[in-house]
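Each chain, written out:
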Amino acid sequence: MRHLVIPLLFLIVQSTYGQVFMPTDSLSIARVALLQGEWLDLTNEGTLDFVFMTATDKDSDTITAFRMDDSLSTRDSLTLSLPGSIGFEAVDIDNNSKLDLLTQAAFDDTTYLTVYYQMDSGAYEAVVIDSLAAERYEAMDLDQDGTKEIVYSTHDQFLHFRKQNASGGWETFHEPIATFPSGNWTFYDSDNDGLKDLVISGTDGTTPSSLFYSNQNGSFTAVDSGEFALLNARFFPADFNSDGTYNLATIGFDLTGTLHVRLHVKDTVVMLDGLQNIENFEVFAADLDANGECDLSVSVKNTSGTSSSHIYFNQGSLQFIEQDLFIPGALLFDNYADIDSDGDLDRMIVSNRSDSTTFTFFNNTSDLGNKGPSIPQNPMTFQTGRGTMLLWEESQDDLTNSKSITYDVFIGSSTNTADVVSSEFDLTNGKRFKASRGNSGFEESMLVNRQNHRPRSR
C-alpha cells in the first residue's frame, strides 16, 4: 500500500489500481446545517445543478433549496420554503416531465407529508398527502399502471401506502405493513417480473431481523425472512454479476456496532468489509471506472468526527479491489452524476469542518467514457388480459454487458408527452434529470396495467 497526498488535502490509500476520481475544485461557505444534497436538473435546462437544502433559520426551521453548477459557483435560489422538512425526493409524480418534490412540511404547527408539484411555469404547488409525520418517503409505480404510489414510514413503525384517485385526492393503496425498530426498507424487482418487491430490516428487540415481501400486482405477501438482517441498514439494488437481474447491496450494523458491507447475489452473500466506529454512511452503486462492471461506493463518518470513502471496484466474477479516501471533516453527502456529459460518473463530496461547509468536486479520470447503449430496435405492442405489453430488442453497449442495460420508457397521449408513463429524462433534449436506472429494469418489455389505472386530476 502507498499513500499519496493530493491537492485539497484528500489522502488516497490505494493499491496498484489506478486512481479514478481526482479533486479538481472546491468551495467553502460558512458552516450551515445541511439536510440533503444531490445533482438534479430541476429546471429542464439540460444541465445538472447540485441542489441542497439548508436550515437557514433555526428558530422557524425554514428550509430553503439552492443550486450550484459544476463550476461550484452559486446560482439563483429556488426560493422554496419547506418549514419542518427533513429532506426531499425529486421525482415526476404527475407525469408532466418535470421533477416534483416529495417532502414533509409544517403548516399551522402540524407536519404533513406533502408533494410540491412543479408547474409548467416552474412554480410549485403544494398538495398535502397525509397528516402523519414521516421518517422516510418514496414515490414509485407499484402496480404497473403508469402512476406512482407514495410509500412512507412513520414513528409508529408502520409502512403506509397512498395512491391518487380520480378526483385528485390520495387514498389508501395497501394496508400498512409493520416495520422494525432501528430499521429501514427498500423496493426492488428481485425476479424481473416488472413489479417491485419489498425488503424490511431492523431488530425484533433482541437480534437483527428482516422480511422479504413479494409484490403480486400491487399486493404484498411475506415469503422469506432473515437474509438481510442488519440494523439501520441501507440498501442499493444493482447488477453486480452482469446477469441481468438485480442483486442487493446491504450495508448496516450488527449488535456489536460493526458496519457490514454485503452483496446478496442469488444464493451467495459476498462479504466486502467490516468497519468499526461508524456513525453515519452514504451508499451508491454503478460502473464508476468504466470497465463494464458495477462497483460499490460506501462513504462513512466515524464516531471520532473524521470521515473516509471506500470504493469496491468490481473486476468481474464478484472479485473486488478496494480503494480508500480520507475525507477531511465530517461527511454530509457523497453524490455521483455525469456532470460534464463525457460518459462517466463524477462526484461531489460535502463535509463539515469546524467553521465551514466544504463542497469538493471530483472529476472521473477514466479514459473509457461510456458512449451509451444503442437505440432498441423493432418495438412492438400487444394486448393481454392485464393490459398493454411493450416489447423491443436488446440494446448493445460499448462497455456494459447487454444483459445489464436498463431501459427508460415513456408513453404519452401525444408527441413529446409522458402523461401515461413518465421516465426520468427530458423529452425535449434527451438529458437525464438525475443519475438513475431505467424504469423498466433489465427486461426488454414493459406491461402497462389498465386494470389498475386511475385517471389523475388536480
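Residues numbered from 1 in each chain as written. Predicted model: local features only at pLDDT ≥ 70, side-chain atom pairs only at ≥ 80, totals over all residues. Heavy atoms only, no water.

Colleague: Sorry, what's going on with the nonpolar core here?
Modeller: In globular proteins that are soluble, nonpolar side chains generally tend to be buried together. Within the largest apolar cluster, 38 residues are counted, with the highest numbers of intra-cluster contacts made by Phe240, Ile251, Leu259, Leu263, Leu272, Leu288 and Leu296. Per-element accounting of this core gives the leading share, 6 residues, to strand 23 (residues 278–286). The contact partners of Phe240, leaving out residues within four places of it in the chain, are Asn247, Ala249, Leu263, Ala285, Glu293, Cys294, Asp295, Leu296, Asn314 and Leu318. Counting residues in hydrophobic clusters, the runner-up holds 15 residues, among them Leu34, Phe50, Val350 and Phe361. (Core = buried A, V, L, I, M, F, W, Y, C linked by side-chain atoms within 4.5 Å. Buried < 20%, exposed > 50% of the residue type's maximum accessible area, 1.4 Å probe, protein only. Helix = DSSP H or I, 4+ residues; strand = E, 2+ residues; numbered from the N terminus. Contact = heavy atoms within 4.5 Å.)

Colleague: What exactly am I supposed to notice about the confidence of the model for the chain here?
Modeller: Detailed reading of the predicted coordinates is not advisable wherever pLDDT falls low. Scored by pLDDT, the chain comes out at a mean of 86, with 91% of its residues at no less than 70. Within the model, pLDDT remains below 50 along residues 1–16, and this stretch shows 45 contacts once partners closer than five positions in the same chain are excluded. (pLDDT = per-residue confidence, 0-100.)

Colleague: Help me out: how do you make sense of the side chain of Ser309 in this one?
Modeller: Tracing the sequence through the fold places Ser309 in strand 25 (residues 307–314). The exposure class assigned to Ser309 is buried, which follows from its relative accessible area of 1%. At 2.5 Å, the side chain of Ser309 forms a polar contact with the side chain of Arg347. Sequence-distant contacts of Ser309, defined by excluding residues within four places in its chain, comprise Val298, Ser299, Gln323, Asp324, Leu325, Ile327 and Arg347. (Polar contact = N/O pair within 3.5 Å; in protein donor to acceptor, adjacent residues only side chain to side chain.)

Colleague: How should the pairing of strand 17 (residues 208–216) be read in this particular structure?
Modeller: Across a regular strand the side chains alternate sides, sitting on one face of the sheet and then on the other. In terms of strand pairing, strand 16 (residues 197–203) meets strand 17 through 6 bridges, oriented antiparallel. Across the sheet, Thr203 pairs through a bridge with Pro208, a residue of strand 17. Remark: 4 residues form the turn of the hairpin made by strand 16 and strand 17, two consecutive strands paired antiparallel; Gly205 in that turn has positive phi of roughly 115°. Pairing of strand 17 with strand 18 (residues 219–225) involves 6 bridges; the strand directions are antiparallel. Considered in strand 18, the bridge of Leu211 is made with Ser225. (Pairing = 2+ DSSP bridges.)

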